[in-house]
Amino acid sequence: MLDTLLLSRIQFAANISFHILFPTITIALAWFLVFFKIKYDKTQHPVWLRAYRFWVKIFALTFALGVVSGITMSFQFGTNWPGFMEKVGNIAGPLLGYEVLTAFFMEATFLGVMLFGMKRVSPRVHTLSTIIVAIGTSLSAFWILSLNSWMQTPTGFEVRDGVVFPTDWFAVIFNPSFPYRLAHMILASGLTAAFLIAGVSSYRLLKGDDKKAPQLTLKVSLTVAALLAPLQMFVGDLHGLNTFEHQPQKVAAMEGVWETQRGAPLLLFAIPNEQTRSNDFEIAIPNLASIILTHEKNGEIKGLNEFPNATPPVKPVFFGFRVMVGMGLLMIVVALYFRFTLWRNNTLAPWQLKTLVAMSFSGWIATLAGWYVTEIGRQPFLVTGVLRVEEAVTHVASNNVLMSLIAYLSIYVLLLIAYIRTLFYTADKSVEVEEFQRPSIEENAYV
Amino acid sequence: MFEAHTLSFIYASLMALAILLYAILDGYDLGVGILLPTNNEPHADTMIASIGPFWDANETWLVLAVGLALIAFPLAHSMILQALYIPVTVMLIGLIIRGVAFDFRAKAKIKRKSMWNKLFKIGSIISAFMQGYMLGLYVMSFESSALAVTFAILSGVGVVAAYALIGAAWLILKTQGQLQLDAISWCHMSTRMAFLGVVAVSAVNPVINHSVYERWFTSDIFLLILPIPIICLALFILLDRILVQLKSQPDLGAWLPFLISCVIFILCFFGILYSFYPYVVPGKLTIFEALAAPESLNFLLYGVIVVVPTILAYTAFSYRVFWGKVQPLSYY
């Protein structure tokens, strides 16, 4: 039976999964654009301008999808989760408010100048606008991750008459998991954008685009990926330790640990079984989970059975974690090895280019998997220890929710297809047009 | 800093400001979408170029308005949005289609461009109609009677006409040549439709809402508020005359229709405010009953005091950068 609660959960999951794809790209892509623009200002070499012009179009498209899906998100709180704002609105409200005030307006306004104003303002003002847009996207991430982290590890509040009141805003904003989550997300964005740039640049090279710009963006993006991927593993580890401290039930689900144990093994593969409350088909490395999480061979890891009424669904968390880590390891290997090849040979082999094209959206997969681990791992709570999911849900009839869900899902699928196709179509077009036919082009974006 | 009563007032005013700015700013760019010709691509390009640098920031005022309701009056926010679940969903779908069509049309294959143009137009019409429809239901206290729905549909058509009016006025200001002449006749047509809409809604509203009737016709300050409808009427007539004039001399006072439509929007908005204040959910919840915790609102207010003037300043900057007649947009 599909009830309002289940449908609302699916709808929110669909909305946020769709939404997060686009900020994940734009947060870091904005800084890539800043880099290209500053390089151009300094060197006046047209190749940097070409790199900027190509990627600013992708940025605009990605940003637009982020905006429209973000507006949808902002209505979801009222339409589907009224209990959330009624209970924790005193905390969530100001954080969301600061996001709109300090980030949304700034990025949206300067985006206009950045996209269409290059001939109307001085180069300095234009570069400044690009920087402001980048600051805006990062600030937006700051506030939204602060709220999300607070929902995971709430501090700085008291409950009066069933409603949450803030007591210490500093503790609310800089709650225990916030620094780790923010760093993890910013790096995820850096890697997503880097692999996207590498993938699309490789695609252009494979299509016979022998201009400088795709070679240059390939090099820049691989350099960034090679720097960020290992760093991400390090930060991810810190984030895991933080989660282990504050949300042990989530870590237990990630590791597939049912009974509290010392010297827990690291499971390379297993199928968690919620009926028998154990794992089937385990492939394990003895003691490694304990070593990673407690830095002791026989460190204790609390099992899921310690949390009888607060166990998250194990399978999605367990597998989500493995997908994220697997994808992360693949990204480290590819980034380091390909960057090394590029340094040695000054070019990549066709199979390497093809691999990068195939990995264009690897950041999306890792980010979504990680996002599911952290969000599903918080279940059954919406705000850890404070608000359970079912307490927050709307009273709207389930048929209405079903209708809206179908509408959103179908439109999201179509948009995702249109987005990816347009991305590569833009790359195709740049192969044919740019530089070959009209050397110093003034390409009208609206023709 | 402030106690609850003052905060209610401050946040209600801020919300009103955000809604008014949204209606004017996104109003004109939705209006441009509503008017978009499907058989004249160069004109469509110019029209979209005229709103290109602005639409995104314009739409942010909606996020702020909804955000402020969420932050300051969470109970009202959830009552309203649950009551309007379906129309909100349809409006959001309209906004999504329109927002992405704007970007896709410029980057997709040539043969797909006219499809995205049509979607841009359809999305704009859906969003505008649904906003008016929701306004109508709000005024009718979310009843689901046939009368309420009919009134909401009327109000939806009224808002489409009003947005088309301000959109056309924007185009008169920003374009030249044949397109400007077209915009003048669009403006003329939508002025008359919007006028009918305003008259109809103003007549029906007090008849079916007893409290609104009392507000307007039995109040002590009757003479003070009487100028609102009178000035509004006068402005419609003036606008009509100016448009006739503009047809022969398009650039003599091309900014007047936009200015007048802004004032008409402001007056109508104050009319609605006056009808319902201090209720945030008509007949059910006042701004004083629905308020969130003062410590939260005070905390946000620091930001508001610093940031809102900054937003207004850089918004002005962006309008100055793109001042004058529209030029083809290029990512340059």
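Described below are features of the structure shown in this document. (Residues numbered from 1 in each chain as written. Chains lettered and ligands numbered in written order. Predicted model: local features only at pLDDT ≥ 70, side-chain atom pairs only at ≥ 80, totals over all residues. Heavy atoms only, no water.)

## Quick word on the pattern of salt bridges
As enumerated under the stated definition, the model contains 12 salt bridges over all chains in all. The closest approach of N and O atoms between E158 of chain A and R160 of chain A, which form a salt bridge, is 2.5 Å. The exposure class assigned to R160 of chain A is partly exposed, which follows from its relative accessible area of 35%. When salt bridges with common partners are traced through the structure, they connect E41, D45, R105 and K113 of chain B into a single cluster. (Salt bridge = Lys/Arg side-chain N within 4 Å of Asp/Glu carboxyl O. Buried < 20%, exposed > 50% of the residue type's maximum accessible area, 1.4 Å probe, protein only.)

## Some remarks on empty space enclosed by the protein
In this structure the tally under the stated criterion is 6 cavities of 30 Å³ or more. What lines the largest cavity is a set of 14 residues, among which L111 and L115 of chain A together with G52, W55 and D56 of chain B lie closest to the centre. For the lining of the largest cavity, the secondary structure elements donating two or more residues are α2 (46-80) and α3 (82-116) of chain A together with α3 (55-72) and α5 (85-107) of chain B. Of all the elements, α3 of chain A adds the most residues to the lining of the largest cavity, at 5 residues. (1 Å grid on protein atoms, 1.4 Å probe; cavity = no way out; pocket = protein on both sides within 12 Å on 5 of 7 lines; lining within 4 Å. Points joined across faces, edges and corners; volume = space filled by probe spheres on them. Helix = DSSP H or I, 4+ residues; strand = E, 2+ residues; numbered from the N terminus.)

## Considerations on the interface of chain A and chain B
Taken together, the contacts link 79 residues of chain A with 71 residues of chain B. Together, the buried faces of chain A and chain B total about 6900 Å²; carbon and sulfur atoms form 74% of this surface. Along the contact surface separating chain A from chain B lie 1 salt bridge. A salt bridge links R160 of chain A to E295 of chain B; the shortest N-O distance between them is 3.6 Å. Where chain A packs against chain B, one counts 12 residue pairs in polar contact (both at pLDDT 80 or more). (Contact = heavy atoms within 4.5 Å. Buried area = accessible area lost by both parts, 1.4 Å probe. Polar contact = N/O pair within 3.5 Å; in protein donor to acceptor, adjacent residues only side chain to side chain.)

## Re the pairing of strand β1 (residues 157-160) of chain A
Residues and elements named next belong to chain A. In terms of strand pairing, β1 meets strand β2 (residues 163-166) through 4 bridges, oriented antiparallel. Looking across to β2, one finds that R160 is bridged to V163. What sits between the antiparallel neighbours β1 and β2 is a turn of 2 residues, in which D161 has the positive phi angle 50°. (Pairing = 2+ DSSP bridges.)

Take it as geometry only, folks, not as evidence of what the structure does.
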